[in-house]
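Commentary on secondary and tertiary structure
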Amino acid sequence: QPVANSTNPRAKDSDGDGVLDAVEVNAKYGGKFPAFAGSDPNVADSDGDGLGDGTEDKNKNGNTESGESNPKKADSDGDNLADGSEDANKDGGWDKAKGETDPTQSDSDGDGVNDGLEVNFYGTNPLVVDTDGDGLPDGLELGKKGDTDTATTTNPKAADTDGDGLNDAAEDGNKNGKLDGGETNPGLADSDGDGLGDGLELGKTGDYLGYFRMLNQ
């Protein structure tokens, strides 16, 4: 009997995606239907992610290997960004210098926050470990990687979260995400509640003359 979804008997690559029909049918990509681990030999982009099967399986051998995205999974790394969105120029490689995230790694910059969250939720840079350049990694500020007190967080898009004139990393001196003895609170402009901002007390910002006048009253 004829096989459903038959291929072109006059073409070794029916869909022209660069992967031979026989390789697609017998491939080991896995995906949603384990009984059929291959890609669709009649559809150039089996998973509809914007990347052709031959672009994702770069050596076109029917296996997903290191550095390759999966032709059967629209989001190979599970970061909630489609492979075709991450590989914007559709060349099958990770071009970080061109602003692309890695479709094969969920956390391109290794800061502990997955790319999808950085792009779609937090608004941080998925290619830069420390988006605001304050000396604290995004993951630490968001209560994730490296944070020893996840109940307290700072803003990964503002170098001075509390606006007291002190950089967040200057306040969290040991950069562990926890308020330790001898540190000021990067999430509170007036750590000791005395009515004077931390930056003012440390002589970093504010009305210095007014401060000294107050001390001499």
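Use the structure listed above.
The model shown is predicted, which means the values in this text are computed figures rather than measured ones.

Moving on: helix α4 (residues 115–122). For α4, every residue scored as buried is listed here: Asp115, Gly116 and Glu118. Looking at the buried residues of α4, the elements they touch are α3 (83–86) and α5 (138–141). Where α4 begins, the side chain of Asn114 points an oxygen toward the backbone nitrogen of Gly116, at a separation of 2.9 Å. Downstream of α4 by one or two residues, Gly123 has phi in the positive range, about 75°.

This part takes up the side chain of Glu24. Take Glu24: it is sitting in helix α1 (residues 21–26). There is no salt bridge for the buried Glu24, and the closest opposite charge comes from Lys72, which lies 9.2 Å off by N-O distance. Looking at Glu24, its side chain comes within polar contact range of the side chain of Ser39, at 2.5 Å.

The next point concerns the layout of surface pockets. There is about 180 Å³ of room inside the largest pocket. Lining the largest pocket are 14 residues, and of these Thr152, Thr153, Thr154, Gly177 and Pro186 lie nearest its centre. Partitioning the lining of the largest pocket into residue classes produces four nonpolar, six polar and four charged.

If you walk through the whole model with that rule in mind, you get one aromatic pair. Ring geometry for Phe121 against Tyr122: centres 4.9 Å apart, planes inclined by 75°, an arrangement best described as edge-to-face.

Tracing the backbone shows Asp77 in the loop between α2 (53–56) and α3. It turns out Asp77 is buried and unbridged, and the closest side chain with the opposite charge, Lys73, is 10 Å from it. A polar contact of 3.4 Å, which involves the side chain of Asp77, links it to the backbone nitrogen of Gln105.

What counts and how
Residues numbered from 1 in each chain as written. Predicted model: local features only at pLDDT ≥ 70, side-chain atom pairs only at ≥ 80, totals over all residues. Heavy atoms only, no water. Buried < 20%, exposed > 50% of the residue type's maximum accessible area, 1.4 Å probe, protein only. Helix = DSSP H or I, 4+ residues; strand = E, 2+ residues; numbered from the N terminus. Contact = heavy atoms within 4.5 Å. Polar contact = N/O pair within 3.5 Å; in protein donor to acceptor, adjacent residues only side chain to side chain. Lys, Arg positive; Asp, Glu negative; His and termini not counted. Salt bridge = Lys/Arg side-chain N within 4 Å of Asp/Glu carboxyl O. 1 Å grid on protein atoms, 1.4 Å probe; cavity = no way out; pocket = protein on both sides within 12 Å on 5 of 7 lines; lining within 4 Å. Points joined across faces, edges and corners; volume = space filled by probe spheres on them. Nonpolar A, V, L, I, M, F, W, Y, C, P; charged D, E, K, R; others polar. Phe/Tyr/Trp six-rings, centres within 6.5 Å; stacked < 30°, edge-to-face > 60°.

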